[in-house]
Amino acid sequence: MKRRSRIDIIQDMLTSIQEKGGKIKPTHLLYKSNLSHKRMKEYIDELKEKNLVEEIVEKKKTMFQITDEGYKFLEDYKKLNQFKEAFGL
Amino acid sequence: MVVSTILNGPTWFFGIDSILEIVSTIIALMIFGFSFKMYRFNKDERFRAFSFAFGFLTLAFLARALTNLVLHSHFLQTKWQIVRPDFDPGRIITAQRVFVLGYLAHIFLTLFAYIILLALQFEKEHKKIALVLGSMSLVILISSSYFTSFYFLSLVLLGFITYNFYMNFRKTKNANAKLVVISFIMIFFANLQFLLQLWNPAFYVTSYLTLFVGFITLGLTLYKVTR
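What counts, and at which threshold
- Residues numbered from 1 in each chain as written.
- Chains lettered and ligands numbered in written order.
- Predicted model: local features only at pLDDT ≥ 70, side-chain atom pairs only at ≥ 80, totals over all residues.
- Heavy atoms only, no water.
- Helix = DSSP H or I, 4+ residues; strand = E, 2+ residues; numbered from the N terminus.
- Buried < 20%, exposed > 50% of the residue type's maximum accessible area, 1.4 Å probe, protein only.
- Contact = heavy atoms within 4.5 Å.
- Areas by Shrake-Rupley, 256 points an atom, 1.4 Å probe, with all protein chains shown as cover.
- Rg over C-alpha atoms; globule rule 2.2 N^0.38 Å.
- Polar contact = N/O pair within 3.5 Å; in protein donor to acceptor, adjacent residues only side chain to side chain.
- Expected span 1.5 Å × (residues − 1).

Engineer: Requested: an account of the overall build of chain B, with residues and values cited.
Structural biologist: Scanning chain B from terminus to terminus reveals 8 helices and 0 strands. In sequence order, chain B lays out its α and β elements as α-α-α-α-α-α-α-α. Residues classed as buried in chain B amount to 46% of the 227 residues present. Taking as baseline every contact in chain B between residues at least 6 positions apart, the subset at least 24 positions apart corresponds to 75%. About 11,200 Å² of surface is accessible on chain B, with carbon and sulfur atoms providing 72% of the total.

Given below as structure tokens:
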């Protein structure tokens, strides 16, 4: 199996949140992203820093919510892959 | 005379060739812009190299389009004024200088672009071969009649590039990859006609039209990718 790049991992995490209706519990994200707890925390910090996700509290539970920037990232990732396939990059 | 060798096309086409080339320039610029944006997005060096290739192509087309515009107007003026007693022969010398500068810029920028595209298509271990091939082609260019050499070398490089794009299409079966192959086949044939117009001026018009269609197809690919 091909090793995922940093950008692929971010895309996987954001897609997991999107597929859950835009919000996800940290435990679900950990399971879906297929990362260790430590690595996932690093990525979450990066996503929050880049304003791709935000941490919210809902019914006293912490959740991660995808932002507009996060949706834009997914759109750009899709375009990137289409461009990559078209030109064989 | 040097200037007359490039004014192979019919006079009614002068100016139209530059307009068609400027459209190709804009499309190349858009591809440069998008691939550079993608490089900033994923920091993949291949996207940066790809954007540079299209950046060079943009400058190459711009150089030829502007040179043609200047030459056509200058040459026609000179031809008109040559019968007048106040005719200044210095205008022909200036036109020749514009031609040499503009076309040399076009030749080198185009070859750099094709070499980068070809190097990108080679696997890592064969990249050096692509670069050596490219460097050798530049040496050959300097050593002989540069127009014939340039169009011939471009044809060879474009042949490899188009073949690799075709292999990519065969692997991916992607509709956009198919459009890329079609556009590069057009660009290849446009280049073949640029070579042939050195002997038969009839190819001057068709070469610019084929290049234009090739770049419109590339523009369509970009549109489909980014919409």
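Engineer: Tell me about the overall build of chain A, residues and numbers included.
Structural biologist: Secondary structure summary: chain A contains 4 helices and 3 strands in total. Reading chain A from its N terminus to its C terminus gives the helix and strand order α-β-α-α-β-β-α. In terms of overall dimensions, chain A is globule-like: its C-alpha atoms have a radius of gyration of 14 Å, near the 12 Å expected for 89 residues. A principal-axis box enclosing the C-alpha atoms of chain A has dimensions of 50 × 25 × 20 Å. Expressed as a percentage of the 89 residues in chain A, the buried residues total 42%. Looking at chain A alone, contacts between residues at least 24 apart form 53% of all its contacts between residues at least 6 apart. Carbon and sulfur atoms form 48% of the exposed surface of chain A, whose accessible area is close to 5,700 Å².

Engineer: Would you mind going over the side chain of Ser35 of chain B in detail, with residue names and values included?
Structural biologist: Inspection of the secondary structure puts Ser35 of chain B in helix α2 (residues 16–42). A residue is classified by how much of its surface remains accessible, and Ser35 of chain B, at 0% relative accessible area, is buried. A polar atom in the side chain of Ser35 of chain B sits 2.7 Å from the backbone oxygen of Ile31 of chain B. The residues contacting Ser35 of chain B, other than those within four sequence positions of it, are Phe83 of chain A together with Phe47, Phe50 and Ser51 of chain B.

Engineer: Go over α2 of chain B with me, naming the residues and quoting the values.
Structural biologist: Between its terminal C-alpha atoms α2 of chain B stretches 39 Å, which fits the 39 Å expected from 27 residues at 1.5 Å a residue. Downstream of α2 of chain B by one or two residues, Lys43 of chain B has phi in the positive range, about 55°.

Engineer: Describe unusual backbone geometry, naming the residues involved and giving the relevant values.
Structural biologist: With glycine set apart, most residues show a phi of negative sign, and most peptide bonds adopt trans. Despite not being glycine, Asn51 of chain A shows a phi value in the positive range, around 60°. One can find Asn51 of chain A in the loop between α3 (37–49) and β2 (53–58). You will see that Lys173 of chain B, though not glycine, has its phi angle at about 55°, which is positive.

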